[in-house]
Amino acid sequence: MVSRSLTTIIGLTGVLALTGCGTLGGGPQDDSGQESPEPASEESPEVASEESPDEPREPAEDVTLTMDDAVQTITYPIQGSFAEGEVTMGLHSLEVVDDAMLLTVSFMPEYEDPSAVHLFQNLHSLGSTTLLPVVNDRENLKAYHVPRQTTNQFAQGGGWLGGSFATGAWASPVGDIEAQHGELITHWAYFPAPEDDIDTVDVAVVPGVQEFQDVEIQR
C-alpha cells in the first residue's frame, strides 16, 4: 500500500520555501534602542532572490560531475524507435535535509551512430511523460513520489517530464534537451523525506529496468 502523510508534504513545501527566503531581522541596537549604523563595505549588496517561495530552488550545477562519481550504475537499451544503442544511468546521491530528499541521477547515451543527436525524452518509450522516479521503502511498504503543484490523471507524482506533464513538478525539466553520444546529462528531483527511521531505500527510474537497490540515504 502506497502512503504519504499530508504533514510530510506540508513540511516539504515549508522547507523548500525557506531556501528561497533570507532571515528577517534588524541591525544591532545601542543602549538607547536605536539601531547602530552598519559598517561601510566596499562589496556590492546582495540582490534579493526573485524565486517564488512556492518553488524549490534548483541545486547548483556540478560541472565536474562524471559517471565515475556515481554510487551505482545501470546500463539498459534505448527504448522506442528513435535511436539505436544503450544508456548508462548513474545514481550520484540521495540526500535528506530536514523534510526534503534530493535525488541526483545522470544519463549517458551511446548510439550505434556516434554522430547522431537525439532528444533526451526520445530515449525512453513513455513519450511526453518521460520518466517518473519513485523512492521505495519496502520495509515499511511506502513509496515516495515527486510532489507537483498540479494534478494529472495520467501521471502520479512528478519527475523528468515534457510537455503539459511538466507543469508544477519539483524536478529538473526535460524540455528540448539534446543528448549527444557519450554526453553526460544530469537530472535532479525532490521527494518528501522518509517518514520512518530508515537508512536505505530502492530507487526506480526507468520502467522495465532494474532499480537502484539499497541506496544509502545521506543526512
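Please refer to the structure higher up on the page.
The present account deals with the structure reproduced in this document. (Residues numbered from 1 in each chain as written. Predicted model: local features only at pLDDT ≥ 70, side-chain atom pairs only at ≥ 80, totals over all residues. Heavy atoms only, no water.)

1. Examining the pattern of salt bridges
On inspection of all chains with the given rule, the structure shows 4 salt bridges. The closest approach of N and O atoms between Asp196 and Lys142, which form a salt bridge, is 2.9 Å. Residue Asp196 is located in the loop between strand 8 (185–192) and strand 9 (200–204), and its partner Lys142 is located in strand 6 (residues 142–145); the two are separated by 54 residues in the primary sequence. One continuous salt-bridge network, built from bridges that share partners, spans Arg138, Asp202 and Glu211. (Salt bridge = Lys/Arg side-chain N within 4 Å of Asp/Glu carboxyl O. Helix = DSSP H or I, 4+ residues; strand = E, 2+ residues; numbered from the N terminus.)

2. Quick word on the nonpolar core
Among the nonpolar cores identified, the biggest contains 43 residues, and Met89, Phe107, Trp160, Val203 and Val205 are the most heavily contacted of them. For this core, the elements supplying multiple residues, two or more each, are strand 1 (72–77), strand 2 (85–97), strand 3 (100–111), strand 8, strand 9 and strand 10 (212–216). If we skip the residues at most four places from it in the chain, Val203 touches Leu91, Leu94, Leu103, Val134, Val135, Glu211, Phe212 and Val215. (Core = buried A, V, L, I, M, F, W, Y, C linked by side-chain atoms within 4.5 Å. Buried < 20%, exposed > 50% of the residue type's maximum accessible area, 1.4 Å probe, protein only. Contact = heavy atoms within 4.5 Å.)

3. So, the packing of aromatic side chains
In total, this model carries 3 aromatic pairs according to the counting rule given. Ring plane angle 80° and centroid distance 5.9 Å describe the contact between Phe107 and Trp160, whose orientation is recorded as edge-to-face. Of this pair, Phe107 sits in strand 3 while Trp160 sits in the loop between strand 6 and strand 7 (178–180), and the two are 53 residues apart along the sequence. Judged by relative accessible area, Trp160 falls into the buried class, the value being 0%. One aromatic cluster is present, formed by Phe107, Phe120 and Trp160 through successive ring pairs. (Phe/Tyr/Trp six-rings, centres within 6.5 Å; stacked < 30°, edge-to-face > 60°.)

4. Quick notes on unusual backbone geometry
With a phi close to 55°, Asp98 is a non-glycine residue in the positive phi region. Positive phi is not limited to glycine here, since Asp214 has a value of about 50°. Residue placement: Asp214 occurs in strand 10. Asp214 sits in the exposed class, given a relative accessible area of 58%.

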